[in-house]
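Inside the fold
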Amino acid sequence: MGLSPKLSRRSWVKWGLMSAGIPVFSRVRTQPVLAQDAGATGGQIGAVGGRAEEELYPANGLPGGGQLEIRLSTTIYTSVPDQLEVAHRMRPFDLESWIVEWTRVAEKNEEMAEKFVSEGLKVTANEYYLRASNFYREACWPQPESEARMLPTYKKMRQTFDKAWELARPPFERVQINYEGTALDGYFRKPNGPVGQRFPTVIAFQGADTMAEATILGVAGTYAARGMACLAVDFPGQAGSLRLKGLHLPPDTERIGKVVIDYLETRPDVDANRIGMLGISMGGYGTPRVASGEKRIKAALMWSGSFNLQQDLFEYFPPIQERMRWIIGASDLADARKKLAEYTLAGSASRIECPMLIGYSKDDRIMDPQGAYRLYQAAVNSKREMVEGTGHSQASNAGGPRELQPPVLADWAAKQLVTES
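Rules of the game
Residues numbered from 1 in each chain as written. Predicted model: local features only at pLDDT ≥ 70, side-chain atom pairs only at ≥ 80, totals over all residues. Heavy atoms only, no water. Helix = DSSP H or I, 4+ residues; strand = E, 2+ residues; numbered from the N terminus. Buried < 20%, exposed > 50% of the residue type's maximum accessible area, 1.4 Å probe, protein only. Contact = heavy atoms within 4.5 Å. Areas by Shrake-Rupley, 256 points an atom, 1.4 Å probe, with all protein chains shown as cover. Salt bridge = Lys/Arg side-chain N within 4 Å of Asp/Glu carboxyl O. Pairing = 2+ DSSP bridges. Axes fitted to C-alpha atoms, helices over the stretch in contact; angles between N-to-C directions.

This part is about the overall build of the chain. For the chain, the helix and strand inventory stands at 18 helices and 8 strands. Across the 421 residues in the chain, those meeting the buried criterion constitute 58%. Restricting the contact set of the chain to residue pairs at least 6 apart, pairs at least 24 apart contribute 73%. Counting only carbon and sulfur atoms, one obtains 51% of the accessible surface of the chain, whose full area is about 16900 Å².

Here it is, written out as C-alpha cells:
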C-alpha cells in the first residue's frame, strides 16, 4: 500500500485485525505516506496472470476472511480534513460506525452549502453540496436493503447532487433510456467541440457499489479529456435503478447493452461506429458479456475482469453476498447461488470479437484475479491483453486514491476508438 517500504498489503491487513476496537489508522498514521505501491507490473499491458496467493491474508474464522477491512476503511491518501477525520474516528469492521461517521460529515457540508446559498455564494455552495453528496454516497453504498436509513441516505445523495447543479452549469446532461417498460436514469458527458461533431463514446458498466453521479464527475472526465464522450447510467441492479425502481441485474447483460446502444445511435453527437464499454468492478462481468452478444461494441475494457460472478465475487468475497443477493433479485443466499449459475461467460466468451483490455490485480481481495485470467483464456476470438495493477487493490479506498490509478485503460480506449486508422 505504500505506508512504508517494509509494510506490505498482507501486513497492513494484519495490523487492521490486531487493532480491534481501535481505529486502524491510529496505529499507522505516523508512518510516511509514500506513492502508491502498484507493483513492478502495475499498469503495464501484457502482464498475463492471476492470483498471488502469498500476498493475500486469509484470516481464517473472521467474516470475509478479514477482507472486510478493505470495504469498511477510508483512505489515508487524502488531504481532505473530513476524510481524515472519518478515518480517525471510524471503528474497523463496524458498519454502524461507517454510516454514522460519513453521515455526520455529509450533514456538516450540507449545512455549510446552505449557508453559502443564503450569502449568495453560488460557486462555493455548489462545491459544498457536491462534497455533501459524495459523503452521503459513501454512507449509503454498503447499507443493506433491510437498513431503514438506506433509502433516505440515497435520496439525500441525489438531492444534494441536484442542488449543486442548480447553482452552476453542469459538465454533463441528464438522460433517460427506455428499458423494458421503465426508464434508466443517467448522464452523458462529452468533450468540447464544434456543433455537429460526433464523438466516440464509452459506456460505463458500473459495479455493485458504483453510482452514476460519481462516475460522470470522475471516470467520465478521464475519457472526455482524451476525446471520448462517456455515458454513465444506473443499470438494473445499480444505485437508483435498484433502490428506487426495484430493477435487478439480469445474467444476460447484453439486454441492457442493446437498449443503451440503441439510444446512443439516436444522438447526433455520437459516432455509433466507435462505441466502447468500460467495466467497473462487478461490471467486469457485465462488459464482456455485453460484448459477447452485441457486435456494435468495438472495444471492451475493464477493471477486474470476471468470467463467473459466483466464483469470482460471491464466493471469493463473502461480505458482498447479501448485497449481490439483492442486486440479482434472489430471495435468500441459497436462491442467489442457484441464480448465479447463469452469470457466467462459459459458452459466451468465444463470441467476443472486439479487442479487450482485461484489468486485474494479483492481490485483489474483492474480485478473484483468476476470473480475469479465465476470461483471457476463453476469449479466443478477441485480440485481448491483460493489464496488472488495475483491480481493487488500487481502485479501492484502502489501496490509495483513485486518481493515482494508472491511466492505461483510458489511454488504451483512446487508441482503439479515437485514433483513426
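So, about the pattern of salt bridges. A complete count under the given rule lists 32 salt bridges for this structure. One salt bridge in this structure joins K115 and E119, with 2.8 Å as the shortest N-O distance. Its relative accessible area of 42% is what places E119 among the partly exposed residues. Put simply, R255 and D252 hold a salt bridge, and the shortest N to O gap is 3.1 Å. Of the residues examined, R255 reaches a relative accessible area of 33% and is grouped as partly exposed. Taking the relative accessible area as the measure of exposure, D252 reaches 21% and is therefore partly exposed.

Turning our attention to the sheet that holds strand β6 (residues 297–302). Strands in a sheet are paired, the pairing made by backbone hydrogen bonds, and the direction either parallel or antiparallel. Reading across the sheet, the 8 strands line up as β1-β2-β4-β3-β5-β6-β7-β8 and stay open at both edges, with mixed pairing between neighbours. Two strands in the sheet have a free side with no partner beyond their single neighbour: β1 (173–179) and β8 (384–388). Averaged over all pairs of adjacent strands, the angle between their axes in this sheet comes to 25 degrees, without regard to strand direction. Pairing between β1 and strand β2 (residues 182–189): 7 bridges, direction antiparallel. By the bridge assignment for β2, Q176 is matched with D185. Contacting β3 (199–205), β5 (270–279), β6, β7 (356–360) and β8, helix α18 (residues 408–417) runs over the sheet at an angle of about 170 degrees to β6.

Counting buried residues in β2 gives 6 out of 8 residues, a clear majority hidden from the surface. The turn joining β1 and β2, which pair antiparallel and follow one another in sequence, is formed by 2 residues; a positive phi near 45 degrees is taken by E180. Alignment of β2 against strand β4 (residues 229–233), held across 4 bridges, turns out to be antiparallel. Paired with F188 across the two strands is L231, which belongs to β4.

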